[in-house]
Amino acid sequence: MKIITIDTASRIPKYKQIVLSIEIAIAENRLKKNDKLPSVNKVSIEFSLSRDTVLLAYDELKKRGIIYAMLGKGYYVKSVEFSFEQRIFMLFDELNIFKEDIYNSFLETMNNAAQVDIFFHHFNIEMFKKLINESNGNYSKYIIMPTNLVGASSLIKTLPKQDVYILDQTNSDLNDYPSIHQNFIKDIYQGLLKGKHLIDKYKKLILIFPGFREPLGMKVGFEKFCNDNSIQYEIISEFIKKEIQKGEVYIIPDDRDLVKVIEKSKHQNLKLGKDFGIISYNETSLKKVVEEGITTISTDFVAMGKNLAQMILTGKKEQIENKSELIIRKSL
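For every chain, the first residue of the written sequence is number 1, and numbering continues from 1 along that sequence. The predicted nature of this model means local features are confined to residues of pLDDT at least 70 and side-chain atom pairs, given and counted, to a pLDDT of 80 or more, with totals for whole chains, interfaces and linings taken over all residues. Excluded from the side-chain calculation are hydrogens and water; included are all heavy atoms of the structure.

Caption draft 1: Region of the structure containing the overall build of the protein. Each helix is a run of DSSP H or I of at least 4 residues and each strand a run of E of at least 2, with the numbering of both proceeding from the N terminus. When you go through the protein residue by residue, the secondary structure sums to 11 helices and 14 strands. Taken against the 2.2 N^0.38 rule, which gives 20 Å for 332 residues, the C-alpha radius of gyration of the protein at 25 Å runs more than 25% over that of a compact globule. Referenced to the eigenvectors of the C-alpha coordinate spread, the extents of the protein come out at roughly 85 × 35 × 30 Å. Only heavy atoms enter the contact rule, under which two residues are in contact if any of them lie within 4.5 Å. If you take every contact in the protein between residues at least 6 apart in sequence, the share linking residues at least 24 apart comes to 67%. In the protein, 48 positive and 43 negative side-chain charges are present, and the distance between their average locations comes to 3 Å. Throughout, the radius of gyration refers to the C-alpha atoms, and the reference size of a globule is 2.2 Å times the residue count to the power 0.38. Asp and Glu count as negative and Lys and Arg as positive, but His and the ends of the chain are not part of the count. Positions of charges follow a simple convention, taking NZ of Lys, CZ of Arg, CG of Asp or CD of Glu.

Here it is, written out as structure tokens:
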């Protein structure tokens, strides 16, 4: 069982990383009272550190009453009752009802076991960079939504690797980080496949995909489904000055576009679920009642927050795909 971890790329001084590692190990019950710590020589050799660096860390822990030394024998855990509160840095892309569900579920599951500070980068790489740089070394855990931001992965890698968790979206550059994420390619493909018996009565699928905030996997999965099933399709970046044709089904990731399509259909006197169809992305309570029910492809955001908190509380490091499903209603 590894007690101490050192991130050579981190800006946190090495002795502080040793202190934090031991505090976390005690907080997570991986070290108990009177357990022996790795020797100064062992830590020094394993991480290519000077003995003075390791001694500085152990001396700080001694002063705080967390460990004690036995002459000629080494260092041992003295107290597990010290006040150690995890400080968690949480960086979201934006605040919306889905992210609020994740956040509230996370807090509820953590049950006051940590101080959680939440920030938003609003899909701005400069803001992302500023918040990452300012938080580095000030938190025990970092939860990051990288979204589609170019350069986000390299900035994330400046944080202590053992303390970073990826949320909602991941990519190939971050595959070795623990994560709770959506598989957008599979989710949209499987969702459309589940609804194919209803989609077959229509002539064409249209994905409204601005491509700025939306994950690229949505587009890839949509195209794959249409090509695999020989379905006519179109991808548009915006719904402006467009007439809805009978027999079309609109796949709509952004709720602002959902409103535009519904408004347009009323101007054209088209019947939703009969003349044309809609599949929205991300479930909300409102979509259960709007237009007698909007069909959605959605992940479980409450489960996402709960699973992330459980991963942090148990110290597990996994890559977990959050489940998604198609909820069929009258709009299809």
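Caption draft 2: Seen up close, the sheet that holds strand β13 (residues 319-321). Each pair of strands is called paired provided DSSP finds at least two bridges between the two strands. Taking strand neighbours across the sheet as the criterion, the six strands line up as β4-β3-β5-β6-β7-β13 in an open arrangement whose pairing is parallel. Looking at strand neighbours, the two that pair on one side only are β4 (114-120) and β13, the edges of this open sheet. Each strand axis lies, on average, 15 degrees off the axis of its neighbour in the sheet, ignoring direction. Here seven bridges tie strand β3 (residues 86-92) to β4, and the two strands are oriented parallel to one another. If you follow isoleucine 88 over to β4, its bridge partner there is valine 116. Axis angles are defined between N-to-C directions and span 0 to 180 degrees, where every axis is a line fitted to C-alpha atoms and, for a helix, only to the segment in contact. Here helix α5 (residues 125-135) sits on the sheet in contact with β3, β4 and β5 (141-144), set at roughly 175 degrees to β3.

Caption draft 3: Main features of the sheet that holds strand β11 (residues 277-281). Taken together, the six strands give an open sheet; going across it, the order is β9-β8-β10-β11-β12-β14, and neighbouring strands pair in mixed fashion. Two strands close off the open sheet at either side, each with one partner strand: β9 (233-236) and β14 (324-327). Adjacent strand axes in the sheet meet at a mean angle of 15 degrees when their direction is disregarded. Relative to β9, strand β8 (residues 204-208) is paired through four bridges, and the arrangement is parallel. From the neighbouring strand, leucine 205 faces β9, where its bridge partner is tyrosine 233.

Caption draft 4: Structural detail: the packing of aromatic side chains. Here a pair means two rings of Phe, Tyr or Trp (six-membered ring of Trp) with centres within 6.5 Å. Their orientation is stacked below 30 degrees between planes, edge-to-face above 60, and tilted elsewhere. In total, this model carries 12 aromatic pairs according to the counting rule given. Ring centres of tyrosine 68 and tyrosine 76 lie 5.7 Å apart, and the angle between their planes is 25 degrees; on these two criteria the pair is classed as stacked. For the exposure calls, accessible area comes from a 1.4 Å probe over protein chains only, and a residue counts as buried if that area is under 20% of its type's maximum, exposed if over 50%, partly exposed in between. Relative accessible area serves as the criterion here: at 25%, tyrosine 68 is assigned to the partly exposed category. Judged by its relative accessible area of 14%, tyrosine 76 is buried. Look at NZ for Lys and CZ for Arg. If either is within 6 Å of the ring centre and within 35 degrees of the ring normal, a charge sits over the ring. The ring centre of tyrosine 139 lies 4.4 Å from the NZ or CZ of arginine 87, which sits over that ring. Lying across the ring of tyrosine 177, lysine 161 places its NZ or CZ 5.6 Å from the centre.

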